[in-house]
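One-letter residues, chain by chain:
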There are 2 protein chains.
Amino acid sequence: MAKRDGNTGVAPSVIAIVSGGLDSTVMLQWAVSRGSVVEVVTFDYGQRHRREIDSARCAASRLGLRHDVVDLSFLGALYRGGGGALLGDVAVPDGHYADESMKATVVPNRNAIMLSIAVGVAIARKAPMVAYAAHAGDHAIYPDCRPVFASAMDVVARLADWHEVGIERPFVAMTKAQIVRIGSDLSVPMHQTWSCYKGGDVHCGTCGTCVERREAFAVAGVEDLTVYA
Amino acid sequence: MAKRDGNTGVAPSVIAIVSGGLDSTVMLQWAVSRGSVVEVVTFDYGQRHRREIDSARCAASRLGLRHDVVDLSFLGALYRGGGGALLGDVAVPDGHYADESMKATVVPNRNAIMLSIAVGVAIARKAPMVAYAAHAGDHAIYPDCRPVFASAMDVVARLADWHEVGIERPFVAMTKAQIVRIGSDLSVPMHQTWSCYKGGDVHCGTCGTCVERREAFAVAGVEDLTVYA
């Protein structure tokens, strides 16, 4: 099991959950820059913003990493209307990411599902760690982004198998602006990442995540090469 | 959200995870007998024993309950050889269920994945509870059947959303023989449930779960109407 048919021929040290958004793409390159042997997993919830998944493919390919896209689009039908805007049930709200309206973008229990599958991958490949890019701005809106939830998931991951897996959130104490700064230092092509919830040809510039993204570049003092509508 | 298009027109009180095996089928009928409004979720891991899924359909249909089958067969490809016998990689071992050889039947992190999705369903449908049929004989073999794992999952489920979901394991302190006794008392057609890991036309009678099943009927003093090869 330890030796496999990946790019490196060795067991990965990290299974990185990468959406193709800014935070997770920076995290991915950050992990690689530290010498980790990384494999990438992306989850497809049948979102409107499939452009994000293309960005994840692009990042994994650029770094020469094994990449699996896990199709969870069945959750939409399963939840039958309880899935929120990301599963295409209601209109994506405009406004600031931290607004009440953004609660509509929650896919019920997405983080537990995503982390559980990533931990399964880590167990199967004997990787000691799963990493994802939760940051300090997330937990006000999404209950399953709160630190208390993440700690509980970490306990579950360590108990799930005789092969213990830890869940790391390297950016958990950082703001999005700090993540942009790291991305800039590592020369991550951040304009190739995708944040917009609307999934047009270019970023809309007005939805919650676009507003948050623009603010982060502004606060970080990093030039934003993203094309906005 | 509370009112929906199910059989009853009301929100469920329990989302029951039913494999179609003996334990979960008895649990399902037990929950219904106590007046719970139950919806059934079955997970398809691409196992060899699809007969088990047919048995779950049969039980849900007999009781007139909404039933969703969630296709998780993609885990086999995702895990690439790390999935164990249930995903069709290695031969199913004969022998006693509690033997070392039965470790080959583990699907990495299956319980966390299954429970996380069921909790997502419960959140989406405003059900307060997920139930599954872990019993006292499970936890020696499967790390994710241990009580300590289940407690950790319960914490995760309660934190995952502002709508709190509990995870119940009503048979956790019981032996399989005690479950057979409950099934007998409730007149559950237990011979229609499926245990065999080999998935032939009839139960093989010799694989680990068949041996365990036969023992349970014998110990319970209940006539076993199952047809064995």
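**Q** Any chance you could explain the pairing of strand β2 (residues 38–44) of chain B here in plain terms?
**A** Residues and elements named next belong to chain B. The buried fraction of β2 is high, at 6 of 7 residues. Alignment of strand β1 (residues 14–17) against β2, held across 4 bridges, turns out to be parallel. When the bridges of β2 are listed, Val-14 appears paired with Val-38. Relative to strand β3 (residues 67–71), β2 is paired through 5 bridges, and the arrangement is parallel. When the sheet's bridge partners are listed, Thr-42 is paired in β3 with Val-69.

**Q** Looking at this model, I keep getting lost on the relation of the copies chain A and chain B. Mind explaining?
**A** Applying a rotation about an axis and a shift along it to one chain copy brings it onto the other copy. Once turned by 180 degrees and shifted 0.0 Å along the axis, chain A lies on chain B with an RMSD of 0.0 Å. One copy is carried onto the other by what is essentially a two-fold rotation axis. Among all residues of chain A, the minimum C-alpha distance to the rotation axis is found for A:Ile113, at 2.9 Å. Interface overlap between copies: 100% of the residues of chain A at the interface are likewise at the interface in chain B, consistent with a symmetric, same-surface contact.

**Q** How do you make sense of the sheet that holds strand β2 (residues 38–44) of chain A when you look at a structure like this?
**A** Residue and element names in this part refer to chain A. Here 5 strands make up an open sheet; going across it, the order is β3-β2-β1-β4-β5 and the pairing parallel. Each of the sheet's edge strands pairs with one partner strand only, and the pair in question is β3 (67–71) and β5 (166–168). The mean inter-strand angle of the sheet, taken between neighbouring strand axes irrespective of direction, is 25 degrees. Contacting β1 (14–17), β2 and β4 (129–131), helix α1 (residues 22–33) crosses the sheet at an angle of about 160 degrees to β1. Against the sheet, helix α2 (residues 51–62) touches β2 and β3, its axis set at about 170 degrees to β2.

**Q** Hey, could you run me through the confidence of the model for chain A in this one?
**A** Regions with low pLDDT should not have their predicted coordinates read in detail. All names here are of chain A. Per-chain confidence: chain A averages 84 in pLDDT, with 81% of residues scoring 70 or above. Below pLDDT 50 for its whole length, residues 1–8 participates in 14 contacts with residues either more than four positions away or in separate chains. Note that pLDDT drops below 50 for residues 81–93; the model gives that stretch 44 contacts with residues more than four away or on any other chain. In the model output, the complex is listed with pTM 0.86 alongside ipTM 0.84.

**Q** What is the right way to look at the interface of chain A and chain B in this model?
**A** The parts lose accessible area when they come together, and the size of an interface is often stated as this lost area. The partner chain B presents 35 residues to the 35 residues of chain A that form the contact. Within the residue set of the side of chain A that touches chain B, elements represented by two or more residues are β3, α3 (74–79), α4 (110–125) and α5 (147–159) of chain A. In terms of residues, the side of chain A that touches chain B owes the most to one element, α4(A), which gives 10 residues. Of the residues contributing to the side of chain A that touches chain B, the split by class is 24 nonpolar, 5 polar and 6 charged.

**Q** It is not clear to me how unusual backbone geometry should be interpreted in this structure. Could you clarify?
**A** For residues that are not glycine, phi is negative in most cases, and the peptide bond is trans in most cases. Residue and element names in this part refer to chain A. A positive phi angle, close to 60 degrees, is found at Asn-109, a residue other than glycine. Within the chain, Lys-126 stands out as a residue other than glycine whose phi angle is a positive 60 degrees. Tracing the backbone through its elements, the reader meets Lys-126 in the loop between α4 and β4.

**Q** Explain the sheet that holds strand β4 (residues 129–131) of chain B to me, please; I cannot follow it from the model alone.
**A** Sheets are built from strands paired through backbone hydrogen bonds, the pairs being either parallel or antiparallel. Residues and elements named next belong to chain B. Strand order in this open sheet of 5 strands is β3-β2-β1-β4-β5, and the pairing throughout is parallel. Of all strands in the sheet, those bounded by a partner on one side alone are β3 and β5 (166–168). Strand after strand, the sheet turns through a mean of 25 degrees between neighbouring axes, direction not considered. Inspection of the sheet shows β4 paired to β5 by 3 bridges, in the parallel sense. By the bridge assignment for β5, Met-129 is matched with Gly-166. Along the sheet, helix α1 (residues 22–33) makes contact with β1, β2 and β4, crossing β1 at roughly 160 degrees.

**Q** How should the environment of A:Pro108 be read in this particular structure?
**A** Inspection of the secondary structure puts A:Pro108 in the loop between α3 and α4. Sequence separation between A:Pro108 and A:Ser13 is 95 residues; the distance between their C-alpha atoms is 29 Å.

**Q** In this structure, what is going on with the nonpolar core? I would like to understand it.
**A** Looking at soluble globular proteins, one finds that nonpolar side chains tend to be buried together. The biggest cluster of nonpolar side chains holds 128 residues, and the ones touching the most others in it are A:Val130 and B:Val130. Among all residues touching A:Val130, those that are not within four sequence positions of it are A:Ile15, A:Ile17, A:Leu115, A:Ala118, A:Val119, A:Ala122, A:Ala157, A:Val165 and A:Ile167.

**Q** Is there a simple way to explain the pairing of β1(B) in this structure?
**A** Consecutive residues of a regular strand have side chains that alternate between opposite faces of the sheet. All names here are of chain B. Residues Val-14 and Ala-16 of β1 are buried on one face, and the alternating residues Ile-15 and Ile-17, pointing to the opposite face, are buried as well. Handedness of the crossover is the feature at issue here: the chain leaves β1, passes through α1, returns alongside β2, and the resulting connection is right-handed. Alignment of β1 against β4, held across 2 bridges, turns out to be parallel. Residue Ile-15 lies in a different strand from β4, and its bridge partner there is Val-130.

**Q** What is the right way to read the packing of α5(A) against helix α5 (residues 147–159) of chain B from this model?
**A** Helix packing for two helices is described by the angle between their axes and how far apart those axes are. Following both chains from N to C, one finds α5(A) and α5(B) inclined at 155 degrees, their axes separated by 9 Å at the closest point. Classified by the angle between their axes, α5(A) and α5(B) sit roughly antiparallel to one another. Here α5(A) and α5(B) pass one another in a crossing that is left-handed. Between α5(A) and α5(B), the residues in contact are A:Val148, A:Phe149, A:Ala152, A:Met153, A:Val155, A:Val156 and A:Leu159 and B:Val148, B:Phe149, B:Ala152, B:Met153, B:Val155, B:Val156 and B:Leu159, respectively. When the residues that make up the contact of α5(A) with α5(B) are grouped by side-chain class, the tally is 14 nonpolar, no polar and no charged.

About the criteria used
Residues numbered from 1 in each chain as written. Chains lettered and ligands numbered in written order. Predicted model: local features only at pLDDT ≥ 70, side-chain atom pairs only at ≥ 80, totals over all residues. Buried ≥ 20, exposed ≤ 12 C-beta atoms within 10 Å, placed from the backbone. Helix = DSSP H or I, 4+ residues; strand = E, 2+ residues; numbered from the N terminus. Pairing = 2+ DSSP bridges. Least-squares fit on C-alpha atoms with pLDDT ≥ 70 in both. Contact = placed C-beta atoms within 7 Å. Axes fitted to C-alpha atoms, helices over the stretch in contact; angles between N-to-C directions. pLDDT = per-residue confidence, 0-100. Nonpolar A, V, L, I, M, F, W, Y, C, P; charged D, E, K, R; others polar. Core = buried A, V, L, I, M, F, W, Y, C linked by C-beta atoms within 7 Å. Right-handed = clockwise from strand over helix to strand, strands pointing away. Parallel < 35°, antiparallel > 145°, perpendicular 65-115°, else oblique. Left-handed = near helix turned anticlockwise from the far one by under 90°.

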